[in-house]
Amino acid sequence: MTMSPDFKRNEAIGLDLGWINQIRVNRAAADRRAASLANRRTVKKEYQAAWLVKAIQVIDLTTLGGDDTPGRVERLCMKALRPLRADLMAALGVADLSTGAVCVYHEMIAPAVRALNGRLPIAAVSTGFPAGLTSMETKLREIELSVVAGATEIDIVITRQHVLTGNWQTLYDEMLAYRKACGDAHVKAILATGDLLTLENVAKASWVCMMAGTDFIKTSTGKEGVNATIPVALTMVRTIREYHEQTGFMVGFKPAGGVSSAKSALQYLTLMKEELGNAWLQPQLFRIGASSLLTDIERQLEHYVTGNYSANHRHAQP
């Protein structure tokens, strides 16, 4: 992950239980704000095309299947490096374009390293993904091995029971250990928000992970019954805004799971712009975890260029 010279990586600031315990979230207000994003008219024509190109730049192009192979990962990496067909790029006037990163299991890091050769960040899911119920020793070793193998970003899963039981000190200590094990690799804390029951739990878990030094907070593994939603995303980005106001550190946000259409990607981009501002509309602070999203974006851009929609099979699948 390439940072601008003035970007200051988040650091552990110490756990403030007084702050955590006073957090409240107005669910009705969050739902109204989310509905306003879903119901408004989207941008059109060349403005929509520009936003969709931006969406491509922040995708963590992902494959997390039990049937992953080195060949599939190599194809994923080639698609990440060249996400649009040459004719569409020429028509759009885009000279250089890639996704934000690729995201794979530990065993698939090596083929990703060979295919990318340092041209894009490689994110690896870790710490007993997706349930996170392996031993702490195993989780930390998994992180260390992934970093040695070439992962530049580590997507960890928190232990949900710490949130559900209000054991914030243990969650903080766990996140602190993950951050240390990552070293120079950046860490994304997956909250698995569909398992956390309330928006207050989501907000508190976000704060604890940021206080422990995570670089990103991420909604979901993509394996829960409920994954990324706009009310959850709104809650998380507002904690990011408050954290930045209080500490000066800029923490990134990653919705993941179920973000499969160009329309949904535009909603998340709009949310980021309106709640956090243009500074967050860049890969170092915003990612969308997705596998099929890129195909729909490419179809929408082809419609903009040609006036026609094409079948999915005409676009190379990641």
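To keep things clear, this report deals only with the structure shown in the data block. Note that residues are indexed from 1 along each chain, following the sequence as it is written. Local features in this predicted model are restricted to residues whose pLDDT is 70 or higher, and side-chain atom pairs enter the listing and the counts only when it is 80 or higher, whereas totals over whole chains, interfaces and linings include all residues. Calculated side-chain values reflect all of the structure's heavy atoms, with hydrogen atoms and water omitted.

## Regarding the overall build of the protein
Filter applied, for reference: Counting from the N terminus, the helices are the DSSP runs of H or I reaching at least four residues and the strands are the DSSP runs of E reaching at least two. What the globule rule says is 2.2 Å times the number of residues to the power 0.38, and the radius of gyration is computed from C-alpha atoms. With a 1.4 Å probe rolled over the protein chains alone, any residue whose accessible area is under 20% of its type maximum counts as buried; one over 50% counts as exposed, and the rest are partly exposed. Note on definitions: a residue-residue contact is assigned when non-hydrogen atoms from the two residues lie within 4.5 Å. Each accessible area value is a Shrake-Rupley result obtained with a 1.4 Å probe; residue values ignore everything except the protein chains displayed when judging cover. As used throughout, the charge tally considers Lys and Arg to be positive and Asp and Glu to be negative, leaving His and the chain termini uncounted. By convention, the charge on Lys lies at NZ, on Arg at CZ, on Asp at CG and on Glu at CD.
Within the protein, the secondary structure is distributed over 13 helices and eight strands. Compactness check: the protein gives a C-alpha radius of gyration of 19 Å against a globular reference of 20 Å for 318 residues, within 12% of the reference. Here the C-alpha coordinates of the protein stretch approximately 55 × 45 × 40 Å along the principal axes. Considering the protein as a whole, with its 318 residues, one finds that 53% of them fall into the buried category. In the protein, the proportion of contacts linking residues at least 24 apart, taken out of those at least 6 apart, comes to 78%. Surface summary for the protein: the accessible area is close to 13400 Å², and the carbon and sulfur share equals 51%. Measuring between centres, the 35 positive side-chain charges of the protein sit 6 Å from its 31 negative side-chain charges.

## What to know about the packing of aromatic side chains
The description of an aromatic ring pair uses the distance of the two centres, along with the angle that the planes make with each other. Where we set the bar: What counts as a ring pair is set by centres within 6.5 Å for rings of Phe, Tyr and Trp (its six-membered ring), and what kind of pair is set by the plane angle: stacked under 30 degrees, edge-to-face over 60, tilted for all other angles.
Following the criterion strictly, the structure yields three aromatic pairs and no others. Aromatic pair tyrosine 105 and phenylalanine 129: ring centres 5.9 Å apart, planes at 75°, arrangement edge-to-face. Taken together, the residues span a long stretch of sequence, with tyrosine 105 in the loop between strand S2 (101-104) and helix H6 (109-116) and phenylalanine 129 in the loop between strand S3 (122-126) and helix H7 (136-149) at a distance of 24 residues. A relative accessible area of 26% means that tyrosine 105 is categorised as partly exposed. What makes phenylalanine 129 buried here is its relative accessible area of 11%. Taken together, the aromatic side chains of Trp19, Trp207 and Tyr243 make up a single cluster linked through ring pairs.

## As for the environment of leucine 145
Residue placement: leucine 145 occurs in helix H7. Look at leucine 145 and you get partly exposed, because its relative accessible area is 37%. Each C-alpha atom of the pair leucine 145 and histidine 106 lies 8.2 Å from the other, and the pair is 39 residues apart in sequence.

## Quick notes on the side chain of serine 264
This is how it is decided: Here a polar contact is taken to be a pair of N or O atoms separated by no more than 3.5 Å, where protein atoms must pair a possible hydrogen donor with a possible acceptor and residues adjacent in sequence count only if both atoms sit in side chains.
Along the chain, the position of serine 264 falls in helix H12 (residues 262-275). Polar side-chain contacts of serine 264 include one of 2.7 Å to the backbone oxygen of serine 261.

## Focus on the sheet that holds strand S6 (residues 216-218)
The strands making up a sheet associate through hydrogen bonds between their backbones, and the pairing can be parallel or antiparallel. Stated precisely, the cut-off is as follows: Between any two strands, pairing holds if DSSP finds at least two bridges. Here the axes come from fitting lines to C-alpha atoms, over the contacting stretch only for helices, and the angles between their N-to-C directions go from 0 to 180 degrees.
Read across the open sheet, the eight strands follow the order S7-S6-S5-S4-S3-S2-S1-S8; overall the sheet is parallel. The open sheet terminates on both sides in strands that have one partner only, identified here as strand S7 (252-254) and strand S8 (288-290). Direction aside, neighbouring strands of the sheet carry axes that sit 25° apart on average. The pairing of strand S4 (residues 153-157) with strand S5 (residues 186-190) spans five bridges and is classified as parallel. Bridge pairing links aspartate 155 to lysine 188 in S5. Where H6 meets the sheet, its contacts fall on S2 and S3, and the angle it forms with S3 comes to roughly 175°.

## Notes on the pattern of salt bridges
The following threshold applies: Between Lys or Arg on one side and Asp or Glu on the other, a salt bridge is scored when a side-chain nitrogen of the former is within 4 Å of a carboxyl oxygen of the latter.
Evaluation of the coordinates by the stated rule reveals 24 salt bridges. Among the ionic pairs, aspartate 60 bridges to arginine 287, the shortest N-O distance being 2.7 Å. Of this pair, aspartate 60 sits in strand S1 (residues 59-62) while arginine 287 sits in the loop between H12 and S8, placing them 227 residues apart in sequence. Each member of the pair aspartate 60 and arginine 287 is classed as buried. Between glutamate 153 and lysine 188 there is a salt bridge; the shortest N-O distance is 2.6 Å.

## So, the nonpolar core
What counts is decided by this rule: Nine residue types can take part in a nonpolar core, namely buried Ala, Val, Leu, Ile, Met, Phe, Trp, Tyr and Cys, and a core is a set of them joined through side-chain atoms within 4.5 Å.
Formed by 94 residues in total, the largest nonpolar core has its most connected members in Ile156, Phe253 and Ile297. When residues in this core are grouped by element, the largest group, nine residues, is from helix H10 (residues 199-211). Not counting chain neighbours up to four residues away, the residues in contact with phenylalanine 253 comprise Phe216, Ile217, Thr219, Ala233, Met236, Val237, Ile240, Met272, Leu285, Phe286 and Arg287. Counting seven residues, the second largest nonpolar core, distinct from the first, contains Leu64, Cys103, Val125 and Ile190.

## Details of the state of the cysteines
How we decide: By convention in this document, the label disulfide applies to cysteine sulfur atom pairs within 2.5 Å.
Per the stated rule, a full pass over the model turns up zero disulfides. For the unlinked cysteine cysteine 209, the closest cysteine sulfur is that of cysteine 182, found at 12 Å. Relative accessible area serves as the criterion here: at 0%, cysteine 209 is assigned to the buried category.

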